[in-house]
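# Structure assessment
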Amino acid sequence: MRIALSVLALAAILFSTRSAAQFNDSHRPVYGIGGQYSAVLYQARSTWQLLPANGPDQLIPASHCGKHSHFPTGVWLVAQDADGKPELIAPSTTVLPPGSPDHIPLRACGVSGESALVLPQNLLDQLIVNVGAVYIDD
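Let me begin by describing the structure that accompanies this report.

In this section: the overall build of the protein chain. The number of helices and strands found in the protein chain is two helices and eight strands. Reading the secondary structure of the protein chain in the N-to-C direction produces α-β-β-β-β-β-β-β-α-β. For the protein chain, the share of sequence-separated contacts (at least 6 apart) that also reach a separation of at least 24 residues comes to 50%. Looking at the protein chain as shown, the accessible area adds up to about 8700 Å², and 59% of this sits on carbon and sulfur atoms.

What follows is the structure, encoded as structure tokens:
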């Protein structure tokens, strides 16, 4: 019995190691514009694209708010923290590098004091009211 459990444990370890080694980018989720998200942040261009269901797409430059940190690529959910302030939350499908936060506070230009994604107030208002998820792109 003891040998059988040892063999089972060893097989489980080998299987999990082999599975992790075989993971590559082809297994990452594929997202369709407007399907899983309704806004895109193009980090390299500091530009937001809003994709409303009932109107034309909007491109909004966010560069005048200053430089922000680089955030992991993927879909982020628009939500509120415990204090009711807006934030982005990474769902399980968004691959985060080690040490990367899974919550990103959203703040309006000119608000300081914490590490956050800073954007124009009109864009922040639109994200809170009209957007359920954001795709952060490089």
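Attention shifts here to the sheet that holds strand β5 (residues 86–89). Ordered in space as β3-β2-β1-β8-β4-β5-β6-β7, the eight strands form an open sheet in which the pairing is mixed. At either end of the open sheet lies a strand with only one pairing partner, and these are β3 (58–61) and β7 (117–119). Neighbour to neighbour, the strand axes of the sheet diverge by 30° on average, direction disregarded. By the bridge criterion, three bridges tie strand β6 (residues 103–108) to β7 in an arrangement that is parallel. Its bridge partner being in β7, L106 is matched across the sheet by L117.

Moving on, we get to the side chain of E87. Mapped onto the elements, E87 comes out in strand β5. Comment: no salt bridge for buried E87; closest opposite-charge side chain is R107, at 6.8 Å. Among the polar contacts made by the side chain of E87, one reaches the side chain of H103 at a distance of 3.2 Å.

Between two aromatic rings, the relevant description is the distance of the centres plus the angle of the planes. In total, this model carries one aromatic pair according to the counting rule given. A cation over an aromatic ring shows up here: R45 above the ring of Y42, its NZ or CZ 4.3 Å from the ring centre.

Glancing now at the nonpolar core. Counting 22 residues, the largest nonpolar core has W48, L88, L117, L119, L127, V134 and I136 as the members making the most contacts within it. Setting aside anything within four residues of it in sequence, one finds W48 in contact with V40, L41, Q58, L59, I60, A62, L117, L119, L123, L127 and V134. Formed by seven residues, the second largest nonpolar core is a distinct cluster that contains V40, Y42, L51 and A133.

It is worth spelling out unusual backbone geometry at this point. Most of the time, phi is negative for any residue but glycine, and the peptide bond is trans. The phi dihedral of S46 is positive, around 50°, even though this residue is not glycine. Take S46: it is sitting in the loop between β1 (39–42) and β2 (47–50). By relative accessible area, S46 is classed as buried at 14%.

Listed in full, the buried residues belonging to helix α2 (residues 121–130) are L123, L124 and L127. Within α2, the buried residues cover an arc of 100° as seen down the axis, which keeps them to one side. Counted as exposed and oriented over 90 degrees from the buried face of α2: V129 and N130.

Residues in a regular strand point their side chains to alternate faces of the sheet. Among the six residues of β6, five are classified as buried, and the element is accordingly described as predominantly covered. In terms of strand pairing, β5 meets β6 through three bridges, oriented antiparallel. Considered in β6, the bridge of I89 is made with H103.

Criteria and cut-off values
- Residues numbered from 1 in each chain as written.
- Predicted model: local features only at pLDDT ≥ 70, side-chain atom pairs only at ≥ 80, totals over all residues.
- Heavy atoms only, no water.
- Helix = DSSP H or I, 4+ residues; strand = E, 2+ residues; numbered from the N terminus.
- Contact = heavy atoms within 4.5 Å.
- Areas by Shrake-Rupley, 256 points an atom, 1.4 Å probe, with all protein chains shown as cover.
- Pairing = 2+ DSSP bridges.
- Axes fitted to C-alpha atoms, helices over the stretch in contact; angles between N-to-C directions.
- Buried < 20%, exposed > 50% of the residue type's maximum accessible area, 1.4 Å probe, protein only.
- Lys, Arg positive; Asp, Glu negative; His and termini not counted.
- Salt bridge = Lys/Arg side-chain N within 4 Å of Asp/Glu carboxyl O.
- Polar contact = N/O pair within 3.5 Å; in protein donor to acceptor, adjacent residues only side chain to side chain.
- Phe/Tyr/Trp six-rings, centres within 6.5 Å; stacked < 30°, edge-to-face > 60°.
- Lys NZ or Arg CZ within 6 Å of the ring centre and 35° of its normal.
- Core = buried A, V, L, I, M, F, W, Y, C linked by side-chain atoms within 4.5 Å.
- Arc of directions from axis to C-beta.

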